[in-house]
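Commentary on secondary and tertiary structure
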Amino acid sequence: MFNPHHLVPVADLNKMGIYNDVFHYKETVAFLNAETALDAGHFYFNRNNMEFPYCYYKDYLLIDIPAFTGKNLKNSRLSEEIAFHQRRLH
């Protein structure tokens, strides 16, 4: 069962100094600011989902993401997917 209290903001992970193959905070935030209208404050680490440990969560929309990297977000066309689901919710 999903519990939003288990989500850790990616900004907090960045403060811990975490950087690996699936987490590139500075590069990804730069991508979000330059190429999308998405706010990095809506991205989280979900410690209960090891297959897709990152997610976009805002209002009633939760989208699991396998990696928090600019390349992954661009290749997955996440901004288009979010826009599609937001239109369906409203």
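Worth saying up front: this structure is predicted, and the values here are computed from it rather than measured. (Residues numbered from 1 in each chain as written. Predicted model: local features only at pLDDT ≥ 70, side-chain atom pairs only at ≥ 80, totals over all residues. Heavy atoms only, no water.)

Comments concerning the pairing of strand β4 (residues 61-65)
Convention followed: Per-residue accessibility, obtained with a 1.4 Å probe over protein chains only, is compared with the maximum for each type, and a residue is labelled buried under 20%, exposed over 50%, and partly exposed between these values. Here a helix means four or more residues in a row that DSSP labels H or I, a strand means two or more in a row labelled E, and each is numbered from the N terminus. Any two strands are treated as partners once DSSP identifies two or more bridges connecting them.
Residues of β4 alternate between two faces, with Leu61, Ile63 and Ile65 buried on one and Leu62 and Asp64 left unburied on the opposite face. Across five bridges, the pairing between strand β3 (residues 54-58) and β4 is antiparallel. Across the sheet, Tyr54 pairs through a bridge with Ile65, a residue of β4. Linking β3 back to β4 in an antiparallel pair, the connection comprises two residues, with Asp59 at a positive phi of about 55 degrees.

A word on the packing of aromatic side chains
Operational definition: Working definition: rings of Phe, Tyr and Trp (its six-membered ring) pair if their centres are within 6.5 Å, and the pair is stacked with planes under 30 degrees apart, edge-to-face with planes over 60 apart, and tilted otherwise.
One pass over the structure, following the stated rule, counts nine aromatic pairs. For the ring pair Tyr44 and Tyr57, a centre distance of 6.3 Å and an interplane angle of 70 degrees mean the geometry is edge-to-face. Of this pair, Tyr44 sits in strand β2 (residues 43-46) while Tyr57 sits in strand β3, and the two are 13 residues apart along the sequence. You can call Tyr57 partly exposed: its relative accessible area is 22%. Put simply, the rings of Phe23, Tyr25, Phe43, Phe45, Tyr54, Tyr56 and Phe68 pair up and form one aromatic cluster.

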